[in-house]
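Structural overview
Each chain is listed here by its residues.
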Amino acid sequence: LGTRQRRVLQKRLGFKVVDDWQLGVTYLVADTFRRTTKLMCAICTGTRIVVPAFLDACLLEGRLVDDTPFLLRDMLCEAAFAKKQGFFEYSLTEAVARSRVQGPLLDGLSVHVDAAVPGKKELQLLVEAAGGQWLRRPPPNAEVSASSGPQPSVLLIGRTFDAELLREAACTQILRFERYRC
């Protein structure tokens, strides 16, 4: 968004426009489906993901309009994501709906990411957006709880699981533990 458009949105409509992800965001504006940290966090929190035309419509009407016709649907990129991840199909709209229905994906889970894993700051944002507990250090009994049962209570990223577990799960709202075990 340009500076002028931001000012108009803030003054005329009372919108708060932010550049970085933060809890409490109500809309994410995106023109395509890309696995950015903001988009993945928005999916995790069930935030509405709309195309830029939504802002134009709000400005034109002078108020917040129904967002349904402006929800991001990117068939090409969604299909490419599905193919890359080994899914028959993928729908961004369904992933956001799944997040809203099932609640925080990582609720009740603790996550530790090894220092050697790239993108730790991004992963921390994802874990927190998905309702997980971010651990600076692994707990003393981490190896036992990370390997126990089909759903562990502690995710050791870089040791027991690959970081892609969190990124894919953020997009799909489905945890595929076996696929991403190290």
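Just above, that's the structure.
In every chain, residue numbers begin from 1 and rise along the written sequence. With the structure being a predicted model, the display of local features is reserved for residues of pLDDT at least 70 and the display and counting of side-chain atom pairs for 80 or more, all residues being used for whole-chain, interface and lining totals. To obtain the side-chain values, all non-hydrogen atoms of the structure were included, while hydrogens and water were left out.

**So, the layout of surface pockets**
The pocket and cavity definitions rest on a 1 Å grid over protein atoms only: a 1.4 Å probe that fits but cannot leave marks a cavity, an open set with protein on both sides within 12 Å along at least five of seven lines marks a pocket, and residues lining either have an atom within 4 Å of a point. Grid points are joined across faces, edges and corners, and a volume is the space filled by probe spheres set on the points. Volume-wise, the largest pocket comes out at about 810 Å³. Note on conventions: DSSP H or I runs of at least 4 residues are helices, E runs of at least 2 residues are strands, and numbering of each starts at the N terminus. Residue assignment for the lining of the largest pocket shows that the elements contributing at least two residues are α1 (3–13), β1 (27–29), α2 (37–45) and α3 (53–61). Counting residues per element, the lining of the largest pocket draws most heavily on β1, which supplies three residues.

**So, the sheet that holds strand β3 (residues 110–113)**
Paired strands, in this sense, are two strands between which DSSP finds at least two bridges. Spatial ordering of the open sheet is given by β4-β3-β5, a layout of three strands whose pairing is parallel. Each having just a single partner strand, β4 (133–135) and β5 (154–157) make up the two edges of the open sheet. Averaged over all adjacent pairs, the angle separating strand axes in this sheet is 25°, with direction ignored. In this structure, β3 lies alongside β4, joined through three bridges in parallel fashion. Pairing of S110 across the sheet is with Q133, part of β4. Contacts are residue-level and defined by heavy atoms, with any inter-residue pair within 4.5 Å sufficient. Under this scheme, a helix contributes an axis fitted over its contacting stretch, all axes are lines through C-alpha atoms, and angles between N-to-C directions fall in the 0 to 180 degree range. The sheet strands contacting helix α6 (residues 120–129) are β3 and β4, and the helix crosses β4 at an angle near 150°.

**Focus: empty space enclosed by the protein**
Space left empty within the atom packing is revealed by a probe, the size of a water molecule, rolled over the atoms. Summed over all chains, the structure comprises one cavity of 30 Å³ or more. Approximately 50 Å³ is the volume found for the largest cavity. Lining the largest cavity we find C44, L105, L106, L126, V127, A130, L166, A169 and A170. At three residues, the largest contribution of residues to the lining of the largest cavity is made by helix α8 (residues 164–172). Amino acids are sorted into nonpolar (Ala, Val, Leu, Ile, Met, Phe, Trp, Tyr, Cys and Pro), charged (Asp, Glu, Lys and Arg) and polar (every other residue, Gly among them). Residues that form the lining of the largest cavity fall into these classes: nine nonpolar, no polar and no charged.

**Observations concerning α3**
Buried residues are those whose accessible area, probed at 1.4 Å on protein chains only, stays under 20% of the maximum for their type, while exposed residues exceed 50% and partly exposed ones sit between those limits. Looking only at α3, the buried set comprises F54, L55, A57, C58 and L59. Just beyond α3, the residue with positive phi is G62, at close to 75°.

**A few points about the side chain of T37**
Its location among the elements puts T37 in helix α2. In contact with T37, not counting residues within four places along its chain, are E122, L125 and L126.

**Here's the deal with the pattern of salt bridges**
Only one rule defines a salt bridge in this text: a Lys or Arg side-chain nitrogen within 4 Å of an Asp or Glu carboxyl oxygen. Taken as a whole and assessed by the stated rule, the structure comprises nine salt bridges. For the salt bridge of D67 with R48, the shortest nitrogen-to-oxygen distance reads 2.5 Å. On the criterion of sequence distance, the pair formed by D67 in the loop between α3 and α4 (75–85) and R48 in strand β2 (residues 48–50) is long-range, its members being 19 residues apart. By relative accessible area, D67 is classed as buried at 7%. By relative accessible area, R48 is classed as partly exposed at 23%.

**Let's talk about the pairing of β5**
Here β5 shows two buried faces, one formed by V154 and L156 and the other by L155 and I157. Bridge count between β3 and β5: four bridges; the pairing is parallel. Counted as the bridge partner of V111 is L155 from β5.

**Thoughts on the nonpolar core**
Counting 44 residues, the largest nonpolar core has I43, I49, Y90, L106, L155 and I157 as the members making the most contacts within it. Of all the elements in the fold, those that place two or more residues in this core are α2, α4, α5 (92–102), β3, α6, β5 and α8. Broken down by element, the residue count for this core peaks at six residues, all from α2. In this structure, L106 is in contact with V111, V127, A130, G131, G132, L155, L166 and L175, ignoring residues within four places of it in sequence. Only buried residues count toward a nonpolar core, which is a set of Ala, Val, Leu, Ile, Met, Phe, Trp, Tyr and Cys residues joined through side-chain atoms within 4.5 Å.

**Notes on the environment of R181**
Of note, R181 is situated in the segment after α8. Look at R181 and you get partly exposed, because its relative accessible area is 27%. Distance from R181 to F161, taken between C-alpha atoms, is 4.4 Å for residues 20 residues apart in sequence. Within 3.5 Å is the distance limit for a polar contact, defined as a pair of N or O atoms, with the added protein rule that one can donate a hydrogen and the other accept it, and that residues adjacent in sequence qualify only through two side-chain atoms. A distance of 3.0 Å separates the side chain of R181 from the side chain of E178, its partner in a polar contact.

Coordinates in, geometry out; function isn't part of it.
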